[in-house]
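Fold and contact review
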Amino acid sequence: MINKTALITGASSGIGYACAESLAAVGYQLIITARRKERIKELATDLAKRYSVNVLPLVFDVRKKEEVFSAISNLPDAYKQIDLLVNNAGLALGLSDIQGGDTSDWDQMIDTNVKGVLYVSKAVIPGMIQRKQGHIINIGSIAGKETYPKGNVYCASKHAVTSLSKAMRMELVEHNIKVTLVNPGAADTEFSLVRFKGDESAAKKVYEGFEPLKAEDISQCVVFCAQLPLHVNVDDMVIMPTAQATASVSLFNRTQTG
Ligand code: NDP
Ligand code: 8X3
């Protein structure tokens, strides 16, 4: 046990779950959050058992600011001191040009990927400032560095995460708080199943013909950043599958699936 607490959003699957597992493996006490109540509770029980760490499951939607502020301000005493926040909850919905885009998909992506990061950060930062220590790791994307056709709103939301991470780093430097942006390329999680709204064959096609990242590849990078000495911060990290050179130059063709 290293006597540190990490809060991870979107820990019910994929990269968030892998972060929870990798941080538990190095002894973090965890607060894991997501919307799917049964799943997050089961994962909490399982992680606590396998890694002998305390795990608190919390159910809230990062888009709903009252839920976010209420959950974080009512944390049990033993979990109030959050040393590490991993802002991971996020999603892409659809793959479409703007004229054909679904406006409710746009709202959900912007509300989750941008406002969700803002609400959770606003709720957690005051405690870090008070203690003059903390670390925020935002999960961005290669889509926050580059734009690809039909990824318009998702890419814009992840560019916003890039910008917010820079702003946080500048605003929080005087409080001794680290801010790291971790940007994965294509990773095989539930991401494409969500993007293609449950269409398993479209989701599967995304990862055919090349070796994508695994969620654990990203969580190992998160643990690396989290465990550096207090005076060292990784500002910005891009992790790509070897088969993906840029957002759109790769051994796979995302647009075939759209
Ligand atoms: P998954 O779909 O596997 O996981 C997404 C997680 O976010 C789930 O736990 C989901 O939980 C949670 N989530 C989604 N919406 C909300 C919400 N409104 N409130 C609370 N939790 C929410 O995808 P990934 O693990 O791949 O995605 C994690 C992050 O990584 C995202 O920010 C994504 O943009 C980013 N990313 C993913 C890449 C990839 O190729 N997979 C590459 C680059 C970045 P629940 O449904 O239970 O709420
Ligand atoms: C997810 C990676 O390239 O599919 O952020 O947008 S990509």
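Everything that follows concerns the structure shown earlier in this document.
So, here's what we can say about the structure. (Residues numbered from 1 in each chain as written. Chains lettered and ligands numbered in written order. Predicted model: local features only at pLDDT ≥ 70, side-chain atom pairs only at ≥ 80, totals over all residues. Heavy atoms only, no water.)

Further remarks concern unusual backbone geometry. Residues other than glycine seldom take positive phi values, yet Asn-3 does so here, at roughly 60°. Within the chain, Lys-197 stands out as a residue other than glycine whose phi angle is a positive 50°. Note on placement: Lys-197 falls in the loop between helix 6 (191-195) and helix 7 (200-206). (Helix = DSSP H or I, 4+ residues; strand = E, 2+ residues; numbered from the N terminus.)

Once that is clear, we can look at the site of ligand 1. Looking at ligand 1, there are 30 residues lining it, with Ser-13, Arg-35, Asn-88, Tyr-154 and Thr-189 nearest. Taking Ala-187, its main chain carries an N or O atom lying 2.8 Å from an oxygen atom of ligand 1. At the level of secondary structure, the elements contributing two or more residues to the shell around ligand 1 comprise helix 1 (14-25), helix 5 (152-172) and helix 6. Residues belonging to the shell around ligand 1 are distributed by class as follows: 13 nonpolar, 11 polar and 6 charged. (Near = heavy atom within 4 Å. Polar contact = N/O pair within 3.5 Å; in protein donor to acceptor, adjacent residues only side chain to side chain. Nonpolar A, V, L, I, M, F, W, Y, C, P; charged D, E, K, R; others polar.)

Counted under the stated rule, the structure contains 9 salt bridges. A salt bridge links Lys-197 to Asp-105; the nearest nitrogen and oxygen atoms lie 2.6 Å apart. Here Asp-105 lies in helix 4 (residues 103-131) and Lys-197 lies in the loop between helix 6 and helix 7, a separation of 92 residues in the sequence. Of the charged contacts in the structure, one is a salt bridge between Asp-236 and Lys-145, with a shortest N-O distance of 2.6 Å. With Asp-236 in strand 7 (residues 236-239) and Lys-145 in the loop between strand 5 (134-139) and helix 5, this pair connects stretches of sequence that are 91 residues apart. We classify Asp-236 as partly exposed; its relative accessible area is 37%. With relative accessibility at 32%, the residue Lys-145 sits in the partly exposed group. Among the charged side chains, a salt-bridge network with shared partners connects Glu-21, Asp-46 and Arg-50. (Salt bridge = Lys/Arg side-chain N within 4 Å of Asp/Glu carboxyl O. Buried < 20%, exposed > 50% of the residue type's maximum accessible area, 1.4 Å probe, protein only.)

This next bit is on the packing of helix 3 (residues 65-73) against helix 4. Where helix 3 contacts helix 4, the axes come no closer than 9 Å and their chain directions differ by 25°. By the criterion of interaxial angle, the relationship of helix 3 to helix 4 is roughly parallel. Judged by the sense of rotation from one axis to the other, the crossing of helix 3 with helix 4 is right-handed. On helix 4, the residues that touch Lys-65, Val-68, Phe-69 and Ile-72 of helix 3 are Tyr-119, Val-120, Lys-122, Ala-123 and Val-124. (Axes fitted to C-alpha atoms, helices over the stretch in contact; angles between N-to-C directions. Parallel < 35°, antiparallel > 145°, perpendicular 65-115°, else oblique. Left-handed = near helix turned anticlockwise from the far one by under 90°. Contact = heavy atoms within 4.5 Å.)

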